[in-house]
Amino acid sequence: MTRTKKLALLWAVVVCLLLGHNAYLWLVQRIVPNTDIMALLPVQERDPVLQQSFSHMVDAAQQRVIVLVGAADWEDAKRAADAYNAVLAPRKDLFEATRIDEKTQGDWLSLFQRHSLTLLTAQQEAQLRAQPPQFWLETALGKLYSPFGGPKLGSWQQDPFGLFAGWVQERAQETPVRPRDGHLFVADARLQYVLLPLTLKVPALSMTAQETVLPLLKQAGDASRKAAPQAELIQAGVILHAAEASGQASGEVSTIGIGSLLGIILLMWFAFHSFKPISLIMLSIGIGFLGALSVCWLVFGQIHLMTLVFGASLIGVAQDYGIYFLSNRLSADEKLDSPALLKRLLPGLGLTLLAAVIGYMGLALTPFPGLRQMAVFSALGLVFAWLTVVFWFPALVGARALKAGALVRVYGDALRRWPVLRVNRATLAAAVIFVLAAGYGISRLGANDDIRLLQNPPKHLIDDQIKLSKLTDAPTPVQYFLVRGASAEEVLQREEALKAKLDKLIVGGGITGYQAVSNWVPSARTQAARRALIEQKLLGDDGPLPGLAKQTGEDAQWIAATRAGLLAAGTPLTPEDFLKSPASEPSRHLWLGDTGGVHASIVALRGLGRAAVPEVMRAADGLQGVQWVDKVAEISSVLGRYRENMSWVVLGAYALVFAMLFPRYRGRTWRVLAPTALASVATLAILGFASQNLQLFHVLALLLLLGVGVDYGIFMQERPDNRGNAAWMAVGMSASSTFLSFGLLGLSKTPALQAFGLTMLLGIALAWLIVPCFGTIKESKHD
């Protein structure tokens, strides 16, 4: 058995293992691609508390679906909402609805009633300090006799001065949503809405769950409109965005993958007029995918849907090696057998793989887990495709196995008329024009790293989210204050100091309010001070209590019983007690508790607009342990920093590839790299002329362009004086298929992929056009 056949058999064993592993993954383990967009974002590893706070905010929102059913008439709104609920109610395995009745409200209040003496609003505390006993005597009598004396919770004797009722009323102001007729009610100037908060029992980011939940939501919406045709339906939730993104990504995988395959098949057919080369190229690409998926799964434990979308463009690169071998086989002497031909081509093939892997690995230098997985997937795919060409093609493609098609002859003739740069006036003039045009175009390039520019959710989901936020005055999950301390008590005290500053911003209109655990559980220091204040001002012998007994005809026994009852509700309320109660459910995500020895919490802001952010973030100035967190700004800053850093990495990669190529090409090394470098500069200039803002993904594409474009230089410089077809054919077919795959990526509705694809599209086309200009007329010593 020859060495070529042994290697082919060995590779067949590896491919069988890959097939078995992929079959196990898809058929037995039934893996599902990860659709969590947040998984693509960088992890703040240096600050686990900060990362955990963001997870708390995101996780709290992730499993929620909020539905608003509105109508001008309240009865219509209730009827439509009941019809909506009736569809979902049987699916208790999917949804958990929030129960609204008197028992629910009673459960919420019972905890606070046991600690009511320590719960005061800031206004009540100020009044206690400023107002005389007569004020509180009249207040208590007013609440006893007046039908408009404000809300009452429990008996009058349990809260004669209305302090607890006032505190509860202030807590209710944290949201405009109110209970009404057994529903949650909210309204604007136009409609009255029933609010239906739903909690998903299945993962919102699971594609299987999305396929089950979304049809049910649609069915419920149809039932709602049937019950009240004029009803307006507003739905918001992460699962809606995730399902939209999953559908879009799945469609793009199909479009890019199938489009690339069809393009390559057509090219191969016109070039070789045979199915054998087509099947061989498809074989190398397929094994590349199988290998990349298997190893990626073993390394990362999951595969992201965006990796598969990006990996679909791998088709445009992985076929280069096969095309290079087949093109050279076609033009080589029939006396030269394929193993000998491969031996001649192997140095060039090895360098093309190395350059491409360097390009992809540059993506892995970023802090974005998604990009790292895409880079590893693509690099592995190239390695497996390359090994398939090296191990199998010499054994499967004989000297007479290929015939040239019409495309080879027509395309080959074009090279003879292609301009070749020489030291003359025409070249100098072209260089001057290029420098001036490129300089002007690049000078017009702006930069914008705002992460929001990389999102493209459907307009109806955005509109619904905006309406819902305005109606419910919900806080944003990406901008908040993180408060830390050595103990829970210190965290609560620091929250209170922060809130004192935020209260001034509410008066100024910067925000409409805030949510914090200390709203419900004041610090022990504050609770003790308030209890002492009430004992001194209201329950003392010279306080209003004796006067109140006299006015109502009660005796000393009543005074003692009332004082004892109020003091019994004066034990301190702790965060632990609060978090165990049903009332804490909407606020639990704000309390991080003990995180590695550090206690932490979140103060979320309501009604925060972009213009007020600079003023709001200054509220943390001078407050120890209080940090402003703006995840949008943080990620945008990371994008900007890495856009600058990766620009230097691109230059470094050119230097690295130059050093790698120099031992083989010596004085001609610059000719290998110059076409790709000029294509990159020209691409930046075109983006500038098109008034595009430079993003990280443009720069990353330039890095990959180096890895792909240098292949063309290597192909041509392997036989620099060859005006025949082999190298030029390989360059043309490789560029055309890469052009197809990344060109289709440029059609992606995901802005990041679109920027990436557009840059690659321009760069590959230019590199293809430029590379013949750097040919030489001297014989290579490698011939």
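To be clear, the structure that these remarks concern was listed above.
Residues numbered from 1 in each chain as written. Predicted model: local features only at pLDDT ≥ 70, side-chain atom pairs only at ≥ 80, totals over all residues. Heavy atoms only, no water.

Chemist: In this structure, what is going on with the overall build of the chain? I would like to understand it.
Modeler: Counting its regular elements, the chain contains 28 helices and 13 strands. The globule rule puts the C-alpha radius of gyration for 783 residues at 28 Å, and the 35 Å found for the chain is more than 25% above it. Residue pairs at least 24 apart in sequence account for 82% of intrachain contacts in the chain once pairs closer than 6 positions are excluded. Side chains of the chain carry 70 positive and 59 negative charges; the gap between the two charge centres is 13 Å. (Helix = DSSP H or I, 4+ residues; strand = E, 2+ residues; numbered from the N terminus. Rg over C-alpha atoms; globule rule 2.2 N^0.38 Å. Contact = heavy atoms within 4.5 Å. Lys, Arg positive; Asp, Glu negative; His and termini not counted. Charge placed at Lys NZ, Arg CZ, Asp CG, Glu CD.)

Chemist: Got a minute to help me understand helix α3 (residues 74–88) in this structure?
Modeler: Counting along an α-helix, one turn takes 3.6 residues, and residues three or four places apart therefore face a common direction. When the terminal C-alpha atoms of α3 are compared, their 21 Å separation across 15 residues agrees well with the 21 Å that a helix rising 1.5 Å per residue should span. Among the residues making up α3, those that are buried are Trp74, Asp76, Ala77, Lys78, Ala80, Ala81, Ala83, Tyr84, Val87 and Leu88. Where α3 begins, one side-chain oxygen reaches toward the backbone nitrogen of glutamate 75, 3.0 Å away; that side chain belongs to aspartate 73. (Expected span 1.5 Å × (residues − 1). Buried < 20%, exposed > 50% of the residue type's maximum accessible area, 1.4 Å probe, protein only. Polar contact = N/O pair within 3.5 Å; in protein donor to acceptor, adjacent residues only side chain to side chain.)

Chemist: How do you make sense of the pairing of strand β10 (residues 591–595) when you look at a structure like this?
Modeler: Along a regular strand, successive side chains alternate from one face of the sheet to the other. A large share of β10 lies buried, amounting to four of its five residues. Bridge analysis of β10 against strand β11 (residues 598–606) gives four bridges, and the strand direction is antiparallel. Residue pairing in the sheet places tryptophan 591 in a bridge with serine 601 of β11. In this structure, the hairpin formed by β10 and β11 is closed by a connection of two residues, where glycine 596 is found at a positive phi of approximately 60°. (Pairing = 2+ DSSP bridges.)

Chemist: Looking at this structure, how should I read the nonpolar core?
Modeler: It is characteristic of soluble globular proteins that their nonpolar side chains tend to be buried jointly. Ranked by internal contacts, the top residues of the largest apolar core, which has 128 residues, are Met268, Phe325, Leu326, Leu661, Phe756 and Met760. When residues of this core are assigned to their parent elements, the largest contribution, 16 residues, is made by helix α26 (residues 696–718). (Core = buried A, V, L, I, M, F, W, Y, C linked by side-chain atoms within 4.5 Å.)

Chemist: When you look at a nonpolar patch on the surface in this model, what are you seeing that I'm missing?
Modeler: Taken together, the side chains of Tyr24, Trp26, Leu27 and Val28 make up a nonpolar region of the molecular surface, amounting to roughly 440 Å² of accessible area. With respect to the helices, strands and loops of the structure, valine 28 is situated in helix α1 (residues 3–28). (Patch = residues over 30% accessible without salt bridge, like charges linked within 9 Å, V, L, I, M, F, W, Y side chains within 5 Å. Areas by Shrake-Rupley, 256 points an atom, 1.4 Å probe, with all protein chains shown as cover. Salt bridge = Lys/Arg side-chain N within 4 Å of Asp/Glu carboxyl O.)

Chemist: What exactly am I supposed to notice about the side chain of aspartate 449 here?
Modeler: With respect to the helices and strands, aspartate 449 occurs in the loop between β7 (446–447) and α17 (459–472). A distance of 2.8 Å separates the side chain of aspartate 449 from the side chain of arginine 643, its partner in a polar contact. Contact partners of aspartate 449, with chain neighbours within four places excluded, come to Ser636, Leu639, Gly640, Arg643, Leu694, Gln695 and Leu696.

Chemist: Whenever I open this one, the pattern of salt bridges confuses me. Can you help?
Modeler: Charged atoms that come close allow side chains of opposite charge to pair. Summed over all chains, the structure comprises 19 salt bridges. Put simply, glutamate 585 and arginine 64 hold a salt bridge, and the shortest N to O gap is 3.1 Å. Placement of the pair is glutamate 585 in the loop between α22 (575–580) and β10 and arginine 64 in strand β1 (residues 64–71), with a sequence separation of 521 residues. Look at glutamate 585 and you get partly exposed, because its relative accessible area is 39%. The salt bridge partner of aspartate 473 is arginine 606, with a shortest N-O separation of 3.0 Å. Residue aspartate 473 is located in the loop between α17 and β8 (479–485), and its partner arginine 606 is located in strand β11; the two are separated by 133 residues in the primary sequence.

Chemist: Can you walk me through the side chain of glutamine 319 in this structure?
Modeler: Its place among the elements puts glutamine 319 in helix α12 (residues 315–331). Looking at glutamine 319, its side chain comes within polar contact range of the side chain of aspartate 320, at 2.8 Å. When near neighbours in sequence (up to four residues on either side) are disregarded, glutamine 319 contacts Ile264, Ile281, Ile285, Met733, Ser734, Ser737 and Thr738.

Chemist: Explanation requested: the pairing of strand β4 (residues 183–187) in the structure shown.
Modeler: Counting buried positions along β4 gives four out of five residues, so the element sits mostly inside the fold. The sheet contact formed by strand β3 (residues 178–180) and β4 spans three bridges and is antiparallel. Bridge pairing in β4 places arginine 178 opposite phenylalanine 185. Between the end of β3 and the start of β4, which pair antiparallel, lie two residues, with aspartate 181 showing a positive phi angle near 55°. Where β4 meets strand β5 (residues 192–200), four bridges bridge the pair, whose relative direction is antiparallel.

Chemist: How should I be thinking about unusual backbone geometry in this particular structure?
Modeler: For residues besides glycine, phi is generally negative; the peptide bonds are generally trans as well. One non-glycine residue with positive phi stands out, namely aspartate 181, at about 55°. Positive phi, normally seen in glycine, also occurs at aspartate 473, with a value near 55°.

Chemist: Would you explain the environment of alanine 228 in this entry?
Modeler: Within the element layout of this structure, alanine 228 appears in the loop between α8 (207–227) and β6 (232–237). In this structure the C-alpha to C-alpha distance between alanine 228 and aspartate 76, which are 152 residues apart in sequence, comes to 5.9 Å. Here alanine 228 is in contact with Asp76, Arg79 and Ala80, once residues within four sequence places are set aside.

Chemist: Is there a simple way to think about the environment of glycine 20 in this case?
Modeler: Among the structural elements, glycine 20 can be located in helix α1. As for glycine 20 and serine 294, which are separated by 274 residues in sequence, their C-alpha atoms are 9.9 Å apart.

Chemist: Is there a simple way to think about the environment of aspartate 555 in this case?
Modeler: Along the chain, aspartate 555 falls in the loop between α20 (544–552) and α21 (556–568). Using a relative accessible area of 43% as the deciding quantity, one classes aspartate 555 as partly exposed.

Chemist: Just checking my understanding: could you explain the packing of aromatic side chains for this structure?
Modeler: Here a ring pair, both rings aromatic, is described through the centre-centre distance and the interplanar angle of the planes. Taken as a whole and assessed by the stated rule, the structure comprises 21 aromatic pairs. Geometrically, the ring pair formed by tryptophan 670 and phenylalanine 774 is edge-to-face, given 5.8 Å between the ring centres and 80° between the ring planes. Of this pair, tryptophan 670 sits in helix α25 (residues 669–689) while phenylalanine 774 sits in the segment after α28 (751–770), and the two are 104 residues apart along the sequence. Judged by relative accessible area, which is 6%, phenylalanine 774 ranks as buried. An aromatic cluster of at least three residues, connected via ring pairs, comprises Phe112, Phe164, Trp167, Trp520 and Phe578. Sitting above the plane of the phenylalanine 185 ring, arginine 180 keeps its charged end 4.6 Å from the centroid. (Phe/Tyr/Trp six-rings, centres within 6.5 Å; stacked < 30°, edge-to-face > 60°. Lys NZ or Arg CZ within 6 Å of the ring centre and 35° of its normal.)

Chemist: Explain the packing of α25 against α28 to me, please; I cannot follow it from the model alone.
Modeler: Two measures define how a pair of helices packs: the angle their axes make with one another and the distance between the axes. Where α25 meets α28, the axes come as close as 8 Å, and the angle between the chain directions of the two elements is 135°. When the interaxial angle is binned, α25 and α28 end up oblique. The handedness of the crossing between α25 and α28 is right-handed. Only Leu758, Thr759, Leu762, Gly763, Leu766, Ala767 and Ile770 of α28 make contact with α25, whose side of the interface consists of Pro675, Leu678, Ala679, Ala682, Thr683, Ile686 and Leu687. (Axes fitted to C-alpha atoms, helices over the stretch in contact; angles between N-to-C directions. Parallel < 35°, antiparallel > 145°, perpendicular 65-115°, else oblique. Left-handed = near helix turned anticlockwise from the far one by under 90°.)

Chemist: Could you clarify how one ought to interpret helix α14 (residues 369–396) in this entry?
Modeler: Along its 28 residues, α14 runs 39 Å from first to last C-alpha, staying within 8% of the 40 Å computed at 1.5 Å per residue. Considering bend angle alone, the principal kink of α14 is centred on valine 390 and spans about 30°; proline proline 394 follows within four residues of it. (Bend = angle between axes of the 7 residues up to and from the residue.)

Chemist: What exactly am I supposed to notice about the packing of helix α15 (residues 406–416) against helix α27 (residues 726–745) here?
Modeler: Packing of α15 against α27 brings their axes to within 10 Å, and their N-to-C directions diverge by 105°. By the criterion of interaxial angle, the relationship of α15 to α27 is roughly perpendicular. On α27, the residues that touch Val408, Tyr411, Gly412 and Leu415 of α15 are Trp728, Met729, Val731 and Gly732. Each residue belonging to the contact of α15 with α27 can be placed in one class, and the counts come to six nonpolar, two polar and no charged. (Nonpolar A, V, L, I, M, F, W, Y, C, P; charged D, E, K, R; others polar.)

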